[in-house]
Amino acid sequence: MRPPSVDALARDIADVGLPHPLLVDAARRAIAAGAPESARALAEGVARSLLQPVVNATGVLLHTNLGRAPVAVSADARYSNLEFDLATGRRGSRGGGAAALLARAAGAEDALVVNNCAAAVLLVLAALAVDRAVVVSRGELVEIGGGFRVPEVMAQSDARLVEVGTTNRTRRADYAVAVAADDPALLLKVHQSNYRIVGFTEAVGVRALSELGVPVVADVGSGLLDAATPWLSSGPPAWVAEEPAVRQTLADGAALVTFSGDKLLGGPQAGVIAGRADLVARCARHPLARALRPGGLVLGALQSTALAYLRRDGDAIPFWRMAALPVPVLRARAHALASGAGDRVSVVDCESVPGGGTVPGLVIPSAGVAVDGDHSGSLRAFDPPVIVRVHDGRTILDLRTVEPADDAVLAKALASVS
Ligand SMILES: *Cc1c(COP(=O)(O)O)cnc(C)c1O
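A brief look at the structure comes next. (Residues numbered from 1 in each chain as written. Predicted model: local features only at pLDDT ≥ 70, side-chain atom pairs only at ≥ 80, totals over all residues. Heavy atoms only, no water.)

Turning our attention to helix 16 (residues 407-417). Regarding helix 16, the residues found buried are Asp407, Val409, Leu410, Ala413, Leu414 and Val417. Across the axial projection of helix 16, the buried residues extend over an arc of 145°, all falling on one side. Those residues of helix 16 that are exposed and aimed more than 90 degrees away from the buried face are Lys412 and Ala415. (Buried < 20%, exposed > 50% of the residue type's maximum accessible area, 1.4 Å probe, protein only. Helix = DSSP H or I, 4+ residues; strand = E, 2+ residues; numbered from the N terminus. Arc of directions from axis to C-beta.)

Right, let's talk about the site of the ligand for a bit. Neighbouring the ligand are Arg68, Asn116, Cys117, Ala118, Ile144, Phe148, His191, Ser193, Asp219, Gly221, Ser260 and Lys263. A distance of 2.5 Å separates an oxygen atom of the ligand from a polar side-chain atom of serine 193. One nitrogen or oxygen atom from the side chain of aspartate 219 is found 2.6 Å from a nitrogen atom belonging to the ligand. Bound to the protein, the ligand loses 92% of the 380 Å² it would expose on its own. Counting residues per element, the ones that place at least two in the shell around the ligand are helix 5 (117-128) and strand 9 (216-221). (Near = heavy atom within 4 Å. Polar contact = N/O pair within 3.5 Å; in protein donor to acceptor, adjacent residues only side chain to side chain. Areas by Shrake-Rupley, 256 points an atom, 1.4 Å probe, with all protein chains shown as cover.)

Moving on, we come to the packing of aromatic side chains. Enumeration according to the criterion identifies five aromatic pairs in this entry. Ring geometry for tryptophan 231 versus tyrosine 309: centroids 4.8 Å apart, planes at 90°, classification edge-to-face. Taken together, the residues tryptophan 231 in the loop between strand 9 and helix 9 (246-251) and tyrosine 309 in helix 12 (residues 296-310) connect sequence positions 78 residues apart. Grouping residues by exposure puts tryptophan 231 and tyrosine 309 together as buried. Between phenylalanine 319 and tryptophan 320, the ring centres sit 5.0 Å apart and the planes meet at 80°, which makes this aromatic pair edge-to-face. (Phe/Tyr/Trp six-rings, centres within 6.5 Å; stacked < 30°, edge-to-face > 60°.)

Another aspect to go through is the nonpolar core. Core analysis: the largest hydrophobic core is formed by 57 residues, its most contacted members being Leu187, Leu225, Trp239, Phe259 and Trp320. Ranked by the residues each element gives to this core, the list is headed by helix 4 (residues 96-106), at six residues. Those residues in contact with tryptophan 239, other than ones at most four positions away along the chain, are Leu264, Phe319, Trp320, Ala323, Pro354, Val359, Leu362 and Ile364. One finds Val121, Phe148, Val217 and Cys283 within the second-largest nonpolar core, a separate group that totals 34 residues. (Core = buried A, V, L, I, M, F, W, Y, C linked by side-chain atoms within 4.5 Å. Contact = heavy atoms within 4.5 Å.)

Dropping the structure here:
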């Protein structure tokens with residue numbers, strides 16, 4: 001029998017909904033493999049690999065694989081005043097809105113927004129420390145994940161790394177010796193983020209470092225804006241206690257703070273440089289700033305996030321709304337879900353985690369439902385995909401990270417597997 005023509009086969013699977021050239025690719029691959037009947041599955045695989053919404057039932061609030069903080073982005077095809085000053089009718093600055101609002105919310109003189117925190121650190125070093133020494137404790141030469149390694153970022157920026165102290169202990173005197181010997185441009189303090197050294201340890205805080213007469217840059221990473229969390233009516237949750245906060249780090253004397261937009265800030269992927277206006281201006285003037293600047297969609301989403309902070313409206317920031325949900329509310333939703341789903345689905349207490357390389361080892365009590373067996377594959381294949389954890393032979397759906405409107409999706413997804 002002659003194999004079907006590529007074009008006929010592609011037209012046969014048109015209902016998969018992909019553009020014709022992609023159906024042709026799938027058909028060609030299937031025929032080349034001698035299995036024309038596999039064309040549909042290949043095309044469906046391509047459709048499934050497209051960027052799409054998923055239901056996060058893992059309980060990991062900032063899931064790096066699922067885009068970290070959930071965020072609303074307005075995508076109307078409209079012009080905006082991205083670089084236009086409506087008051088004067090002249091060219092305006094792209095940085096203005098979101099950056100100025102974040103600076104206001106964090107108690108910083110000024111701020112600059114770039115694509116992510118790695119870019120923020122790179123730009124700070126390139127703009128302020130090229131061919132100069134930057135002093136870092138050996139306990140803070142960390143890898144955050146996804147290739148962000150402090151010594152390698154330093155090498156890319158042409159700043160000269162001066163390591164002080166040891167892995168577990170670094171004292172103020174260690175920094176003072178380097179300040180005297182190396183005439184550093186900056187002292188860099190990097191939050192260890194995703195790991196901790198415990199036991200016989202010592203580190204120097206920002207306040208003590210700022211007394212050494214060299215600008216201190218604190219890469220706090222997670223972007224907790226204020227340790228007092230005034231945007232939460234319930235006050236600071238226990239798990240934030242260990243995280244350095246932007247406002248307090250600046251008040252302690254940091255000249256600049258760098259942080260991510262999509263970790264504890266709860267906004268879109270972005271990086272923020274906040275602090276002394278003269279130093280922020282030098283970063284903004286560096287040629288790399290143009291290469292690292294974000295687009296209007298990101299700045300719009302970040303502006304909404306900053307406005308929510310200024311209104312002290314944590315409910316308007318999905319990450320904080322989810323993080324602050326009381327367990328009884330989650331348990332009530334779990335009961336509603338389980339009661340409609342038959343014997344195999346039961347209500348469980350479980351533990352969510354902030355995630356995103358923040359507060360390692362700390363958990364947030366939560367509730368959800370469990371089904372015996374590992375159903376992660378079928379739930380992932382559901383439309384929309386439902387992402388879950390499997391623990392001790394049971395599939396756990398943690399409701400803290402699920403939008404209440406998606407409980408109906410979970411009910412259908414569970415019915416399909418149990
Ligand atoms: C997460 C993190 C980064 C990297 O942030 P991205 O926004 O992912 O680039 C850098 N430094 C610290 C301390 C971090 O925690």
